[in-house]
Every structure is written in structure tokens, then in C-alpha cells.
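Fold and geometry: a report
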Amino acid sequence: MNTFKLLSCFLLFILLIGCDKGIEKENPNPIEPPKEASIEFNIDGLEDTEDVFPEFKNEQKASANHNRTIKPVSFRSDVLSLNGFDVIMEITEKLPAQFPGASSNKKIQSSTKSSFNGNNQAIRYHSPLNNGVKYRIVLYKTNGSGVATTYAGQQEGTIGSNYISIGANRNTQYRWYAYTYNNTSPIDTFVVANGTVPVKPSANSTTKKQDFAYATGLITTSNVVNGLNSIQNIVLTRKTARFVVEVNSRGMFAPVTYASLRIKDNAGFMKGNFRLSDSSYLNLTNVQTTDQVYNHNSSAYVVPVGTDTVPELNWKKRYTFYSPVNSVSKPLTISIDTMRITSKRLRDTDGAATDVVRTFTNNEFVFNSFIAQPGKSYFVSIILVESAIPMGSARWARGNTWRVADGPLRPDGFWDYRIRYDNPLYQTVAGVPTTDYFTHDIYSVANGKNICEMIYPEDTWTLPTPAHFNSFNNITQNVGVEYNGWYLYMTPTTPVLGYPSYPHGDLIFTPVGYKQSSTGPTNNFFPNSTSYQNTKGYWRTTTSGTFARLNYNNTSWFNDRWDETNSFTFSSSNLASVRCVRK
């Protein structure tokens, strides 16, 4: 009996030991062994992806599983009319050398050691990150097959400071995640329960931009006690789309002295959460005006004179934006609430140049059906063009053409030609610049183009035909004279923008006579004289020896002012005014 009791007690003891071992195995929070090693991380830079297509000879093909199969974006609009000016809009994937956020690039081949996105055969542009930029490393144990399972730690680092390291166990496989917003502000602690990090659209602020980039990889630690396991030269891949927007005022012949760019409601920019485990965005939604995606005028990169055909300061400004995107076709809209352009107006009294600030408000530049790709950079060019006034059978430039004789030559060695902002009522002969008179060498200046076709942007303007001038004789309304018959004005049937963007909304012709040589006297021009009734204006046409002539008249009868272009004899070598029309 005693033996039976002892045996029963022994069996019960063995059973209890077995039950205790089973609970320990199922413990969801096992005690981690002390860290016996560490993993050190070194961030080397950030990269964009550049697709390589089969038709590009001597270049390597992009991998079959590349996330882009379409050709690079390349679009240029016709001349479009907006609120007070015209515009040509372009978008490409070819970035200029300098812009906000640009850095020195070196072309490298992507490495599987530094990224985890299946694009290992794509050529990439590798850019170093600036000192002070924050990044974060998140570390997980894996299931032995590369899948992250158990959170193991995280740490924030700073470019330019010491490498960071996270404690680890020996002989253990880990998956690491590295990411940055490419700014200098601290990065919020990664919330393990969420598994995601927020990414918003942004401008190019050093402290607030959301130029989000990411990389992931695997490492198996060594068996050395207290060993250091180093991951070197991590290159993060940009996971937002980058937009470099250029405001180009060469076609307005004046600098942009103020322009702040904004992204408003449903403008093609998005915000969402980036999941580290599979490099994907969750809950992407359209940006709203309240998200304050805004580049102030002071944040612009001003393209230096002599770079990218810039003849004067502030004629090209560049702004940079970043946004998560979902590769879905949608309009891309850039808004400029207020833009100020400072033009030169010649003073009536003596022809001296004075500054005139012109204000344009509430303009939106829309690219319809645009597909933005994550990790791609786009150059958006907004080319501003002086608006034309429709009258008769053509759309006319608001002012005469002039030659920039005291400025640098164009890259092709020719003068730069521009259109005057206004039509001064010159009160002296000396006040009229000799650069505003042209002889018969304007018909094939360069590559067969006439003087108006050479005005930037090229092939936007051209010389008027005799018929264009003769069509004025059919106009019987909205015509008048001012200043005792000194100039003729015509008001278009459909009003065009006037002050404060332009002096007015009228088409004006002010007569300034003609010259027989550039250094000779001015003929048929009598300002501030009892003979001013004999003043006449001459404008060249597409036919070398055929001119339009405007006569003095203090009445509003139009037919009494213009001579038919074939009704008088005039030497083709004489120097006269040029007024361009739209092609």
C-alpha cells in the first residue's frame, strides 16, 4: 500500500513538471536573453530611379519586373490663354542641374544589399544626404526565411554624426528598415502596433519637407560574443514623387519679383501611411488646401544669369514639392495666388527706363491626365508669354519690338529681341531708342526665321502681312484717338486684361516716324512742335518694301488715319517700327 502511494505521488510529480514546461513554451512574452552583439548602420545616400529602355543603344535593359514600363514623361502644350497672360506648359523627367533640394549626383548600379524593391537592374541616381538630416532604423527578428516577426529595437540617427548601433543576439537573422524624410527635424518614434509611418505632401523646407525615402535588408549576426555586425553604404530609395516647378518669365521680358506656389484641393498631390513591411502606401487621400502645401517666394532657387539661357536676374525661378502618389491618372495643378512681374517702361519725357510692377492673381496651371510614379522626379516648366490683343484678322502684340543692344548676345550669336511693355508718348526725338527701328535685314535672321519668330519663346510670334494691317480698315467701332490725336487706340470686342497687369486693355499704335540710317535723323516725327500734325508712323510687314503708314488725325474716323499698305512708295532699306502678331 505504501509502495502504491509512493508510486502515485511520483507520477503526479512528473505530470506537474510536464504541465509547467508546456505553459512556458506558450508564453507570449518570453524573456529575451541578454544582447550579446550589436548591429551598426551607415546611411550613404538617397536615390531616384531612371528607366533604361531597349531603344537606347549601349545601355543595359531595365529588369522585367521593374515598376515602370512606360516611357519617360515628355509633354509640351500649345500656347494657352490664362488670366491676363499666355503660357506654354511642359513636363518631363529631365531635371535641370540646379533647383531647391538638388545635390551632386553620381550614377550607380542599384545593389541588393541596400534596397529591397525588385529594381536591381535599374540605373539609379545616388545623391548624398546633407549633414544634420535625421533618419531612423527599425529592427526585427525574422522567422529564418526573411519575414519580420519580433520587434527588436529602433534608433534615430543623424547624417554627419557617429553611426548608430542596436543591440542584437548572436547567430540570429534580422530584418532592418531604414527611412528618412530628408529633413533636420526629429523623427517620431515608430509605433510597432501600427507598422506604418505617415507621409504628407510638402514644399522644400529644410525642417519640414517630406522627401520620404526607405530601404530594407537582412543580416545574420556572427557567433562572436560582443561582436559588431556592420551594414555599410545603405542607399535609401525615394518613395515620393518629386516635382521641380520652374516659373519662366522670359516670354514676358521681365523678372518675376514675387511668386508663391501653392497646392490646393484635389490638385494631384496625396497623403497617406507608408507600411514598412511591404513598402506600400495605405489610405492614400487627396491633399486639401488646408494641408498648407506651399512654397513661398523666398524658397525659390533663382537661376543665375548666363545659366539655362537666363539673360537677367529673376527671369527663371524654381520651386520643389514632394508627394506620395498612386500611379493613377489625374490632373496635376500648380496654383499661383499672386505673381508680380516688374517690367521696364520708357518714360514719355526722355525715354529713361522706369520700373512698373504688374500684378497677376489667381492663376492655375493644369496638366490633365497625368500619371505620377513613386520615386520619380518631374520637371514642370511654366513658360509665361505676353498676351496678345485680337483685332482685325490677327492677334497683335501690345507693344513694338526692340533689340537688346546693350545686353549679352543669344547663344547663337544674335541679338535678343523683345516686345515693349507699353507705347510711350515720346515728347522728344532723342527719347525714342534707336533699337526700336529696323531695316530690311529682319526677314531671315537665323535659320530662316524672321525677327518676330526669334522672340522667346521662338516661333510664337511672326511679322504681320499687309493684309493684317489692311483689315483695320473694316473696323468702325471701338476706335479712338487721345492726347489731341497723338495716338490711335482700338478696344477689342471681347475685353482683355488691363490694369494692374497691363497699362490698359487697348491695342495702341503710337507714331514715331522712320529713319534712313541708324545714326541719321528721324523723319516724319515732330513731338512738342507746331508741325506735329505731320507726324507719321511706319510699321514693317512680311513684304520687305511694303509698309503700313499711320497718319496724324485728331478725329476718331479710322479710315482717315491708315494708308493702305500699297498706296505709297517707300524704300525697303528705311528703318521703321515692328509690331508682331501671333502665329
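Scroll up a little and you will see the structure.
Rules behind the numbers
- Within any chain, residue numbers begin from 1 and follow the written order of that chain's sequence.
- Only residues with pLDDT of at least 70 are given local features in this predicted model, and only at 80 or more are side-chain atom pairs given and counted; all residues enter the totals for whole chains, interfaces and linings.
- The side-chain values count all of the structure's non-hydrogen atoms but skip hydrogen atoms and water molecules.
- Secondary structure elements are defined from DSSP: runs of H or I of at least 4 residues count as helices, runs of E of at least 2 residues count as strands, and each element is numbered from the N terminus.
- Residue burial is assigned from relative accessible area. The probe radius is 1.4 Å, only protein chains are included, and a residue is buried under 20% of its type maximum, exposed over 50%, and partly exposed in between.
- Throughout, a contact is declared for two residues whenever any of their heavy atoms are within 4.5 Å.
- Methods summary: accessible areas were calculated by the Shrake-Rupley approach with a probe of 1.4 Å, and residue burial reflects only the protein chains presented.
- In this analysis, strands are considered paired if DSSP registers two or more bridges between them.
- All axes here are fitted lines through C-alpha atoms, helices being fitted over the stretch that makes contact, and every angle between N-to-C directions spans 0 to 180 degrees.
- We define a polar contact as two N or O atoms separated by no more than 3.5 Å, with the added condition that, inside protein, one atom must be a possible hydrogen donor and the other a possible acceptor, whereas residues neighbouring each other in sequence contribute only through side-chain atom pairs.
- Nonpolar cores were defined as sets of buried Ala, Val, Leu, Ile, Met, Phe, Trp, Tyr and Cys residues, with membership established by side-chain atoms within 4.5 Å.
- Sulfur atoms of two cysteines make up a disulfide when they are within 2.5 Å.
- Pairing of aromatic rings covers Phe, Tyr and the six-membered ring of Trp, with a centre-to-centre limit of 6.5 Å; geometry is then stacked below 30 degrees between planes, edge-to-face above 60, and tilted otherwise.
- Definition used: whenever NZ (Lys) or CZ (Arg) falls within 6 Å of the ring centre and also within 35 degrees of the ring normal, the charge is taken to sit over that ring.
- Think of a salt bridge as a Lys or Arg side-chain nitrogen and an Asp or Glu carboxyl oxygen that are within 4 Å of each other.

**A short note on the overall build of the protein**
From N to C terminus, the protein includes two helices and 37 strands. For the protein, the proportion of its 583 residues judged to be buried stands at 52%. Considering only contacts in the protein between residues 6 or more positions apart, those separated by 24 or more positions represent 72%. Only carbon and sulfur atoms are counted for the fraction: they give 51% of the accessible area of the protein, which is about 26800 Å².

**Brief notes about the sheet that holds strand β30 (residues 487-490)**
If you walk across this open sheet you meet the three strands as β29-β30-β31, and the pairing is antiparallel. Among the strands making up the open sheet, the edge pair consists of β29 (479-482) and β31 (507-509). Strand after strand, the sheet turns through a mean of 25 degrees between neighbouring axes, direction not considered. As judged from the four bridges shared by β29 and β30, these two strands associate in the antiparallel manner. Across the sheet, the residue bridging to V479 is M490, located in β30.

**Quick notes on the sheet that holds strand β18 (residues 293-295)**
Here four strands make up an open sheet; going across it, the order is β18-β15-β21-β22 and the pairing antiparallel. A strand with exactly one partner marks an edge of an open sheet, and here the two such strands are β18 and β22 (353-370). Taken pair by pair, the neighbouring strands of this sheet meet at an average axis angle of 15 degrees, ignoring direction.

**Focus: the side chain of R242**
Looking at the secondary structure, you find R242 in strand β14 (residues 241-251). Within polar-contact distance, the side chain of R242 engages the side chain of S377 at 2.9 Å.

**Quick notes on the nonpolar core**
The biggest cluster of nonpolar side chains holds 39 residues, and the ones touching the most others in it are F85, F243, L261, F321, M339 and L384. Looking at this core, the elements that each hand over two or more residues are β4 (86-92), β14, β15 (256-263), β20 (316-323), β21 (330-346), β22 and β23 (377-385). Sorting elements by how many residues they give to this core places β21 first, with five residues. Ignoring anything within four residues of it in the chain, the contact list for F243 reads F269, Y319, T320, F321, S323, L332, F370, A372 and Y378. In terms of nonpolar packing, the next biggest core, distinct from the first, is built from 24 residues, F253, V310, I383 and V445 among them.

**Focus: the state of the cysteines**
Counted according to the given criterion, the structure contains one disulfide. For C452, the disulfide goes to C580, at an S-S distance of 2.0 Å. The disulfide joining C452 to C580 has a torsion of about -80 degrees about its S-S bond and is therefore left-handed. One end of the pair, C452, is in the loop between β27 (417-419) and β28 (461-462); the other, C580, is in the loop between β36 (562-563) and β37 (581-582), with 128 residues separating them in the sequence. Comparing C452 with C580 shows no difference in burial state: the two are buried.

**Considering the packing of aromatic side chains**
Enumeration according to the criterion identifies 29 aromatic pairs in this entry. Ring geometry for Y140 against Y177: centres 6.0 Å apart, planes inclined by 85 degrees, an arrangement best described as edge-to-face. Here the residue Y140 occupies a position in strand β7 (residues 134-142), and Y177 occupies one in strand β10 (residues 173-180), the gap between them amounting to 37 residues. The same class applies to Y140 and to Y177, which are both buried. Residues F243 and Y378 carry aromatic rings whose centres are separated by 5.6 Å and whose planes lie at 25 degrees to one another, so their mutual orientation is stacked. Taken together, the positions of F243 in strand β14 and Y378 in strand β23 put the pair 135 residues apart, joining distant regions of the chain. For Y378, a relative accessible area of 0% gives the class buried. Aromatic rings pair up to connect Y140, Y151, Y177, Y179, Y181, F212, Y214, F274 and Y281 into one cluster. Over the face of the ring belonging to Y502 we find R358, whose NZ or CZ atom lies 4.6 Å from the ring centre.

**Regarding unusual backbone geometry**
Backbone torsion omega between Y456 and P457 reads -10 degrees, so that peptide bond is classified as cis. Here P457 lies in the loop between β27 and β28. A cis amide bond links Y499 with the next residue in sequence, P500, at an omega value of 10 degrees. The topology assignment puts P500 in the loop between β30 and β31. Its identity is not glycine, yet F253 carries a phi of approximately 60 degrees, on the positive side. With phi around 55 degrees, N283 is a residue other than glycine that occupies positive phi space. Of note, N283 is situated in strand β17 (residues 280-286).

**Points about the pattern of salt bridges**
A complete count under the given rule lists 28 salt bridges for this structure. Two residues, E93 and K376, come together in a salt bridge whose shortest N-O distance is 3.3 Å. On the criterion of sequence distance, the pair formed by E93 in the loop between β4 and β5 (106-109) and K376 in the loop between β22 and β23 is long-range, its members being 283 residues apart. Like E93, the residue K376 is buried in the burial classification. With a shortest N-O distance of 3.9 Å, R136 and E156 are connected by a salt bridge. Here R136, found in strand β7, pairs with E156, found in strand β8 (residues 148-158); they are 20 residues apart in sequence, far enough to count as distant. The exposure class of R136 is buried, given its relative accessible area of 7%. Under the relative-accessibility criterion, E156 is labelled partly exposed at 25%. Salt bridges here are not isolated pairs; linked through shared partners, they connect R410, D412, K449, E453, E458, D459 and K583.

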